[in-house]
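In case you want the letters, here they are:
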Amino acid sequence: MPSRQAVYEPETDGTPVTAIVRVLKDATPTDSATLPPLFDSIDPEAVNALYSDDDRTEYPRLTFTHDRFLVTIDRTRRITVREIR
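Residues numbered from 1 in each chain as written. Predicted model: local features only at pLDDT ≥ 70, side-chain atom pairs only at ≥ 80, totals over all residues. Heavy atoms only, no water.

## Let's talk about the packing of aromatic side chains
Counted under the stated rule, the structure contains one aromatic pair. Look at tyrosine 51 and tyrosine 59: their rings are 6.0 Å apart centre to centre, the planes differ by 25 degrees, and that puts the pair in the stacked class. Taking the relative accessible area as the measure of exposure, tyrosine 51 reaches 1% and is therefore buried. (Phe/Tyr/Trp six-rings, centres within 6.5 Å; stacked < 30°, edge-to-face > 60°. Buried < 20%, exposed > 50% of the residue type's maximum accessible area, 1.4 Å probe, protein only.)

## Observations regarding the pattern of salt bridges
Following the criterion strictly, the structure yields four salt bridges and no others. A salt bridge links arginine 22 to aspartate 13; the shortest N-O distance between them is 3.0 Å. When the shortest N-O distance is used, the salt bridge between arginine 68 and aspartate 67 registers 3.2 Å. Assessed through its relative accessible area of 25%, arginine 68 is described here as partly exposed. Through salt bridges that share partners, Asp67, Arg68 and Glu83 make up one connected network. (Salt bridge = Lys/Arg side-chain N within 4 Å of Asp/Glu carboxyl O.)

Structure below.
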């Protein structure tokens, strides 16, 4: 499966976690309802706090696994989801 990517845009995405969920759903269009809740893998409030500060020019890189996916948020708030085999 090719990776899915999106850049978190506060004006249109709401919270960073909302953007992550959207990219995960795009990566699993036929069975996204079977994914466990994101809070099983990360602390959503902590992620929102890390990536919501618009005064920053660079953000920390965060990588975590969620179900069968590797999720990465880079310094520019680009979200990449790759399936792990």
